[in-house]
Amino acid sequence: MTIRYITLFFAFIFISGCAGWDTDTTGRITQKAMVVSAHPLASEVGSDILRRGGNAVDAAVAVQFALAVVYPDAGNIGGGGFLVLRQQDGSVDALDYREKAPGKARRDMYLDEQGNVVEELSFKGHLAAGVPGTVDGMVEAHERYGSMPWAELVQPAVELAAKGFPLTRKEAKKLNEQRKDFIQYNTQRPSFIIQDRWREGDNLRLAELAHTLKRIRDRGRAGFYEGETAELIVAEMQRGGGIISKADLAGYRSVWRQPLTGQVGDYRIISMPPPSSGGIALMQLLSIAEDYPLKDWGWNSAEAAHLMVEAERRVYADRARHLGDPDFYDVPVEALLDTDYIRSRMDGVSLQKATDSDAVSAGMPAPVESPNTTHYSIVDQEGNAVSVTTTLNSSFGSKVFVAGAGFLLNNEMDDFSVKPGHPNSYGLVGGEANAVAPGKRMLSSMTPTILERDGQLYMVIGSMGGSTIITTVYQIILNVTVHGMSMQGAVNAGRFHHQWRPDWILSEWGALGFGTGLEMWWRGHRIAPKNGGIGRAAGILVLPDGRLEGGADPRGDDAAAGF
Ligand code: GLY
């Protein structure tokens, strides 16, 4: 224990010493329309659709498929996601295209005969995959809101896959790091594996994926959930011991849901309801922040960081207990968002001393009658806005390629609570609300969000990062609305995160600064460094004169494009 404390103390010294976040900067500015995504080529594809007269949903469909090619660690057709929409007239909508547990899934499918969790079974390999929702989601979004022909939206991805594209340095490095897993978890050698190492600038051509995308382009949902692609997925499952069946694929449907909306101070928040925990948690966190003088305390001051961590500790305890798929579990949404309930969660919190997470449990909201990912944000010329977070779960999902179809399957089953109290890959715990059941959607932290101010579109924001998505979006919103940063500065700014369990603050290098870090330590917080950054966000801010400012995350290859 003492050694752990000493190690954490020295880690903290390093964390505190390495500041240098460029918050005093402005992102790309455009006059009319913008796309911010994790890859410059995908942002250009979306911007081109907008330039040709497509609307924000048309651009979202094109960006989703383009990311499935150029950003294979999280862009996908073998995963799922959430889309939040605000139209120029103020109407809102939310699409849930989250993966579902296959029909043969069982509550104890990741446990051995003694009831112990079999490590990695829900995380890597064929059994880790949920039934993909992405293609159905894009078809649904297009049918309801699209304006351009479907085929024209899929075509740019077909061309990128068929001709190939140059790898960025970061992507080449990630592909090389995955080589061992790609070999171990695949029944046939995927085209991502070459004899040599990938290098920056190498052309990655994905011929099988191009054929799959052509089938989707020509046949829509049937190009994925039926026919050749479905047969290839089921054959892959049979070779690798997976359980996704033809019936699972044919039966998959995404769901339109009522977005969560709520006023916090001057801002109306529009975000994703369950099965995401993101919207509820974000609103709880922002509501708590509203009661304290964060601006006077200053950005990442010890007072502000302490308050934010104490709020996060309680909000994530609620997440573990109360949140799951609303189609299977009665999630007390209204009760969790009740102002008095949220306030009561902070009763007795010391503003000086850290609470031990063991002393914090989920609250009991009063019953009311009656949860590696990527995010893209889009605003079109008419002022329609789309906020999409999409995922395979961890980087390159289950590591399993569908042989002959050239795409990766998700490992989203790990987002279920495979055993009460057993932490998943993000260290998140859960129970009954998020237990595995056939056809159920696993709880998510994805938080695609849109903000209004004075009835007008103000910000489009979201992030990748598993459990840290919620706190990333939370901090960026506070950076702009409380601390007055630009969109780019707010995205650049260093981040920290607490999720109740494990009981420590994860912090980017230098995010808290030396003085704050030391005081936090003194108050009883434990701080652990996070290599590689927390979250990767994509935001668009509407400036007072109506122009758009992009916030593209420097932690990745992210880019803003538009006109
Ligand atoms: N797979 C990450 C999430 O949905 O929260």
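These lines cover the structure that appears in this document, whether it is placed above or below. (Residues numbered from 1 in each chain as written. Predicted model: local features only at pLDDT ≥ 70, side-chain atom pairs only at ≥ 80, totals over all residues. Heavy atoms only, no water.)

### As for the overall build of the chain
The helix and strand inventory of the chain stands at 18 helices and 20 strands. Computed over the C-alpha atoms, the radius of gyration of the chain is 22 Å, within 12% of the 24 Å expected from 2.2 N^0.38 for a compact globule of 563 residues. Over its C-alpha atoms, taken along the principal directions, the chain stretches across nearly 65 × 60 × 55 Å. Looking at the chain as a whole, 64% of its 563 residues qualify as buried. Carbon and sulfur atoms make up 50% of the accessible area of the chain, which amounts to about 20,300 Å² in all. (Helix = DSSP H or I, 4+ residues; strand = E, 2+ residues; numbered from the N terminus. Rg over C-alpha atoms; globule rule 2.2 N^0.38 Å. Buried < 20%, exposed > 50% of the residue type's maximum accessible area, 1.4 Å probe, protein only. Areas by Shrake-Rupley, 256 points an atom, 1.4 Å probe, with all protein chains shown as cover.)

### Overview of helix α2 (residues 40–51)
Compared with the 16 Å implied by 1.5 Å per residue over twelve residues, the 16 Å span of α2 between its first and last C-alpha is a close match. The set of residues buried in α2 consists of A42, S43, V45, G46, S47, I49 and L50. In this structure, the buried residues of α2 make contact with β2 (34–37), α3 (56–70), α5 (150–163), β10 (373–379) and β20 (559–562). Looking one or two places after α2, you find G53, whose phi comes out positive at around 100 degrees. (Expected span 1.5 Å × (residues − 1). Contact = heavy atoms within 4.5 Å.)

### Structural notes on the site of the ligand
Around the ligand, the structure places R98, T373, T391, N393, E412, D415, Y426, S444, S445 and M446. Within the side chain of N393, a nitrogen or oxygen atom sits 2.8 Å from a nitrogen atom of the ligand. S445 places a main-chain nitrogen or oxygen 2.7 Å from an oxygen atom of the ligand. Within the complex, the protein chains bury 99% of what would otherwise be the 200 Å² of accessible surface of the ligand. A per-class count over the shell around the ligand returns two nonpolar, five polar and three charged. (Near = heavy atom within 4 Å. Polar contact = N/O pair within 3.5 Å; in protein donor to acceptor, adjacent residues only side chain to side chain. Nonpolar A, V, L, I, M, F, W, Y, C, P; charged D, E, K, R; others polar.)

### Comments concerning helix α13 (residues 302–322)
Relative to the 30 Å expected for 21 residues at 1.5 Å per residue, α13 spans 30 Å between its end C-alpha atoms, a close match to the ideal helical length. Most of α13 sits out of view: 19 of its 21 residues are buried.

### Comments concerning the side chain of N176
If you trace the backbone, N176 turns up in helix α6 (residues 169–185). When its relative accessible area of 13% is taken as the criterion, N176 is described as buried. In contact with N176, other than residues within four places in its own chain, are R197 and W198.

### Describing the packing of α13 against helix α16 (residues 469–481)
The geometry of α13 relative to α16 is characterised by a closest axis approach of 12 Å and an angle of 140 degrees between their N-to-C directions. One element, α13, and the other, α16, form an angle in the oblique class. The two elements α13 and α16 meet at a crossing, and its hand is right-handed. Across from M308, E312, Y316 and R319 in α13, the residues of α16 making contact are I470, T471, Y474, Q475 and L478. (Axes fitted to C-alpha atoms, helices over the stretch in contact; angles between N-to-C directions. Parallel < 35°, antiparallel > 145°, perpendicular 65-115°, else oblique. Left-handed = near helix turned anticlockwise from the far one by under 90°.)

### What to know about the sheet that holds strand β4 (residues 92–96)
Strands in a sheet are paired, the pairing made by backbone hydrogen bonds, and the direction either parallel or antiparallel. With respect to topology, seven strands assemble into an open sheet ordered β7-β4-β3-β11-β10-β2-β20, the strand pairing being antiparallel. Strand pairing shows two members of the sheet lacking a second neighbour, β7 (255–257) and β20, which therefore form its edges. Strand-to-strand twist in this sheet, taken as the mean axis angle between neighbours without regard to direction, amounts to 15 degrees. With seven bridges joining them, strand β3 (residues 80–86) and strand β11 (residues 385–391) adopt antiparallel strand pairing. The partner of F82 across the bridge, within β11, is T389. (Pairing = 2+ DSSP bridges.)

### Brief notes about the pattern of salt bridges
In the structure shown here, the tally under the stated rule is 35 salt bridges. Salt-bridge contacts for E310 lead to R313; the nearest nitrogen and oxygen are separated by 3.0 Å. In this pair, E310 and R313 both sit in helix α13, three residues apart, roughly one turn of the helix. In this pair, the class of E310 matches that of R313, namely buried. For the salt bridge of R555 with E508, the shortest nitrogen-to-oxygen distance reads 2.7 Å. In this pair, R555 is assigned in the loop between β19 (548–552) and β20 and E508 in the loop between β16 (505–507) and α18 (513–522), connecting sequence segments 47 residues apart. It is possible to trace a salt-bridge network through shared partners that takes in E310, R313, R314, D503 and R526. (Salt bridge = Lys/Arg side-chain N within 4 Å of Asp/Glu carboxyl O.)

Everything listed is a geometric property; what it means functionally is a separate question.
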